[in-house]
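# What the coordinates show
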Amino acid sequence: MGTDYDIIVVGGGHAGAEAAWAASRMGARTLLLTMSRDTIAKMSCNPAIGGIGKGQLVREIDALGGLMARAIDATGIQFRILNRSKGPAVQSPRAQADKYAYKDWIRGVLESADNLDIAEAIATEVLVKDGCVSGVACDSGACFSAAAVILTTGTFLRGVMHCGTEQWQGGRLGEPASNELSDCLRRLGLIVKRLKTGTPVRLDAGSVDLDRLEVQPGDENPVPFSFLSDTIEQDQVPCWITYTNEAIHQLLKDNLHRAPLYTGQIESIGPRYCPSIETKITRFADKTRHQVFLEPEDRGMTTFYCNGISTSVPHDVQEAMLRLMPGTERAKIVHYAYAIEYDYCPATQLTVNLECREVPGLFMAGQINGTTGYEEAGALGLMAAVNAVHSLEGKEPFVLGRDQAYIGVMVDDLLTREIDEPYRMFTSRAEYRLTLRSDNADRRLTAVGRALGLVDDLRWDVYRTKQQQIDQLTAYLQMNRTGGKSLWEWLKQPGHPLASDLNGADGVREMDLPRQVAEAVLIHAKYEGYLARQERESGRFRNLENVRLPAGLDYQQVPHLRYEAREKLSAYRPFTLGQASRVGGITPADIAVIQIYLRKTTQ
């Protein structure tokens, strides 16, 4: 292994894995620096992929040629489509993983990738020469040179873990924190802040009384994540459901004076949408119980992840809580729950391509941007890698619009909003969610991935075949009529038999088309009017998005622009006029002032 690379990826988590894969696929000589090969793509918290909004991100990563969807299809142990009773815009895939098989799958792909080396080391410094990134120094004394560095450090930057009054440094259970690298970022002039997250207790599955719990099976016909997967062949494993109760809530209330979140020991803010159990019982004091999912962490069901009782209360309180919860009265603890505080760099310091404005060549992806979750991290890792390669090649930044992908929504949110808690994707964040569905991510983004050099011939052929089949079925339905209407029009009628079994209809059955094709056509027919209206709205949205703001625009010199707007826009440096309109505190009048100024100065 040499020491000279095009791109160095620091950190082997989910952001780092996708970044290393994408950069190497695009032909860049890439080095992945990780503390241990054994922890590449480790599922540090929930052993699952997907969820509301998150499942859309995974499908988009897949459509662009990433790894996450294929990995979960190969190693998943339970698959479910969430929100089945609601419309397709908010339906999202989710799957439990064998967390050991998952990381082994990712590691195997990376180890066999062309243009990619993997080194075990702790990065201590981003090297800078003449104001630009020149490489990375490691704790061993080794130095690696590169013109671009992507930091995907997760929770390791000055990570401190908490359990009761006990505190210890670490980026993850049993793994050291990265303090030197955090200090380096401060020396480089970056703003560094703190966030918090947490994880629940893990139980010996054999010590849980499953007969007392409610069984939650997977879907009868599991739907794959990847557009390359036809079916899920492996057997599914159930999860189980139990509940907290008033006795547990009283126990926690009696011990809030020992909970780091309430003693002042933890000062930073955790994810609002994934609160600890002690936060739940105070925030929702009227609720007498909270649901807890016991999720197997591997196919052999050796351990359970207790989803719903993340906490940092002391060990004895955690033990007492389990003794009071149905099914876990005699459960053995494999490792206790804990909270972790860590450094991150607010993404408002980044350009639209996830590159630091203050340090050209330094890119950031994942929790260092202020996000939470494997899916958000993976998507940002892919985006940072593509833009790092483009930067080295002198190409324009790769940007996905809010009307184009959930990834675009996330990046835009991070660049234009103050993050005071870990950012989590939801379908509600997307204005155009009817067109940004999980089922059509391939039709939105596969051609984009092909142009980037991320989509191989196999994926491209699968995509083109599917598109041809969609066109074939659509044409058949629009051309054939019955009862005075085309079959396409009948599909739009609520409750019409054709919609319930499109593949079984006369004329369609002989085509022998995949389930995904019929589903795509059915959704398009049913929501054709809404989709057309959303496309018109998207067109108006693009009018502002297409107005690029000069990189060196001095907002202090824009006449009639309010003082607050000058300060905000100077700090955020938006890429387009549309992005400027979404910066907090910016009004339509401010946008009008800038439009007038641009017309006058560019004539």
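Below you will find a few notes about this structure. (Residues numbered from 1 in each chain as written. Predicted model: local features only at pLDDT ≥ 70, side-chain atom pairs only at ≥ 80, totals over all residues. Heavy atoms only, no water.)

## A few points about the overall build of the protein chain
The helix and strand inventory of the protein chain stands at 20 helices and 23 strands. Looking at the protein chain as a whole, 57% of its 603 residues qualify as buried. Here the contacts in the protein chain between residues at least 6 apart in sequence split such that 72% fall between residues at least 24 apart. (Helix = DSSP H or I, 4+ residues; strand = E, 2+ residues; numbered from the N terminus. Buried < 20%, exposed > 50% of the residue type's maximum accessible area, 1.4 Å probe, protein only. Contact = heavy atoms within 4.5 Å.)

## Some thoughts on the side chain of threonine 30
Structurally, the position occupied by threonine 30 is in strand S2 (residues 30-34). Once residues within four sequence positions are removed from consideration, threonine 30 is found in contact with Tyr5, Ile7, Val9, Ala20, Ala23, Ser24, Asn115, Leu116 and Asp117.

## Some thoughts on the pattern of salt bridges
Oppositely charged side chains can form a pair if their charged atoms are brought close together. Applying the stated criterion to the full structure yields 44 salt bridges. Note that aspartate 219 and arginine 84 form a salt bridge whose closest N and O atoms lie 3.2 Å from each other. On the criterion of sequence distance, the pair formed by aspartate 219 in the loop between strand S15 (214-216) and strand S16 (239-243) and arginine 84 in the loop between strand S4 (76-82) and strand S5 (92-97) is long-range, its members being 135 residues apart. Between glutamate 295 and arginine 94 there is a salt bridge, with the nearest N and O atoms lying 3.3 Å from each other. Here glutamate 295 is found in strand S17 (residues 291-296), whereas its partner arginine 94 is found in strand S5, with 201 residues between them in sequence. Pair check on accessibility: glutamate 295 and arginine 94 agree, each one buried. Through salt bridges with shared partners, a single ionic network connects Arg402, Asp412, Asp413, Arg417, Glu431, Glu545 and Arg582. (Salt bridge = Lys/Arg side-chain N within 4 Å of Asp/Glu carboxyl O.)

## As for the packing of aromatic side chains
Under the criterion given, the structure shown has seven aromatic pairs. Here arginine 59 stacks its cationic end above the ring of phenylalanine 227, 5.6 Å away from the centre of that ring. The positively charged end of lysine 485 is found above the aromatic ring belonging to tryptophan 490, 4.8 Å away from the centroid. (Phe/Tyr/Trp six-rings, centres within 6.5 Å; stacked < 30°, edge-to-face > 60°. Lys NZ or Arg CZ within 6 Å of the ring centre and 35° of its normal.)

## Section: the sheet that holds strand S19 (residues 333-335)
With antiparallel pairing, six strands are arranged side by side in an open sheet as S15-S16-S17-S18-S14-S19. The sheet is open, and its two edges are formed by S15 and S19, each paired on a single side. Looking at each pair of strands side by side, their axes are set apart by 35° on average, direction ignored. Strand direction decides the pairing type here: strand S14 (residues 202-204) and S19, joined by two bridges, are antiparallel. Bridged to leucine 203 within S19 is isoleucine 333. (Pairing = 2+ DSSP bridges. Axes fitted to C-alpha atoms, helices over the stretch in contact; angles between N-to-C directions.)

## Description of helix H6 (residues 246-254)
Within H6 the residues assigned to the buried category are Ile248, His249, Leu251 and Leu252. The arc enclosing the buried residues of H6, seen along the axis, measures out at 160°, which places them on a common side. Where the residues of H6 are buried, they touch helix H8 (277-283) and helix H9 (315-323). Here H6 starts with a cap whose side-chain oxygen sits 3.2 Å from the backbone nitrogen of alanine 247, and that cap is asparagine 245. (Arc of directions from axis to C-beta. Polar contact = N/O pair within 3.5 Å; in protein donor to acceptor, adjacent residues only side chain to side chain.)

## Considering the pairing of S16
Moving residue by residue along a regular strand, the side chains alternate between the two faces of the sheet. The buried fraction of S16 amounts to four of the five residues, a majority that puts the element mostly inside the structure. By the bridge criterion, three bridges tie S15 to S16 in an arrangement that is antiparallel. Within S16, the residue paired with glutamine 216 across the bridge is cysteine 239. Here S16 runs beside S17; their pairing, made up of four bridges, is antiparallel. Paired with tryptophan 240 across the two strands is leucine 294, which belongs to S17.

## Quick look at the packing of helix H1 (residues 14-25) against helix H10 (residues 374-392)
Two numbers describe how H1 lies on H10: the axes approach to 7 Å, and their chain directions differ by 30°. Taken together, the axes of H1 and H10 are roughly parallel relative to one another. Between H1 and H10 lies a crossing of right-handed hand. Facing His14, Ala15, Glu18, Ala19, Ala22 and Ala23 of H1, the residues of H10 in contact are Tyr374, Ala377, Gly378, Gly381, Leu382, Ala385 and Val389. (Parallel < 35°, antiparallel > 145°, perpendicular 65-115°, else oblique. Left-handed = near helix turned anticlockwise from the far one by under 90°.)

## Observations regarding unusual backbone geometry
Although it is not a glycine, asparagine 115 sits at a positive phi angle of roughly 65°. The partly exposed category is assigned to asparagine 115, whose relative accessible area is 38%. Its identity is not glycine, yet histidine 560 carries a phi of approximately 70°, on the positive side. Structurally, histidine 560 can be placed in the loop between helix H17 (528-545) and helix H18 (563-572).

## Notes on the packing of helix H2 (residues 54-63) against helix H3 (residues 68-75)
Relative orientation of the contacting elements H2 and H3 amounts to 110°, with a least axis distance of 7 Å. The angle between the axes of H2 and H3 places the two elements in the roughly perpendicular class. Facing Val58, Ile61 and Asp62 of H2, the residues of H3 in contact are Met68, Ala69 and Arg70. Per-class residue counts for the contact of H2 with H3 are four nonpolar, no polar and two charged. (Nonpolar A, V, L, I, M, F, W, Y, C, P; charged D, E, K, R; others polar.)

## Here's the deal with the state of the cysteines
By the definition in use, this model includes zero disulfides. Looking at cysteine 143, it has no disulfide partner, and the nearest cysteine sulfur is the one in cysteine 138, 7.2 Å off. Given a relative accessible area of 44%, cysteine 143 falls into the partly exposed group. Sulfur of cysteine 345: no disulfide; nearest cysteine sulfur belongs to cysteine 356 and is 6.7 Å away. For cysteine 345, a relative accessible area of 1% translates into the label buried. (Disulfide = S-S within 2.5 Å.)

## Describing the sheet that holds strand S1 (residues 7-10)
Either a parallel or an antiparallel arrangement is found when strands of a sheet pair, and the pairing is made through backbone hydrogen bonds. The strand order across the open sheet formed by five strands is S6-S2-S1-S10-S21, and the pairing between neighbours is parallel. At either end of the open sheet lies a strand with only one pairing partner, and these are strand S6 (116-120) and strand S21 (362-364). Ignoring which end each strand starts from, the neighbouring axes of this sheet average 20° apart. Of the strand pairs in this sheet, S1 and strand S10 (residues 148-151) are connected by four bridges, and their pairing is parallel. Note that in S10 the partner of isoleucine 7 across the bridge is alanine 148.

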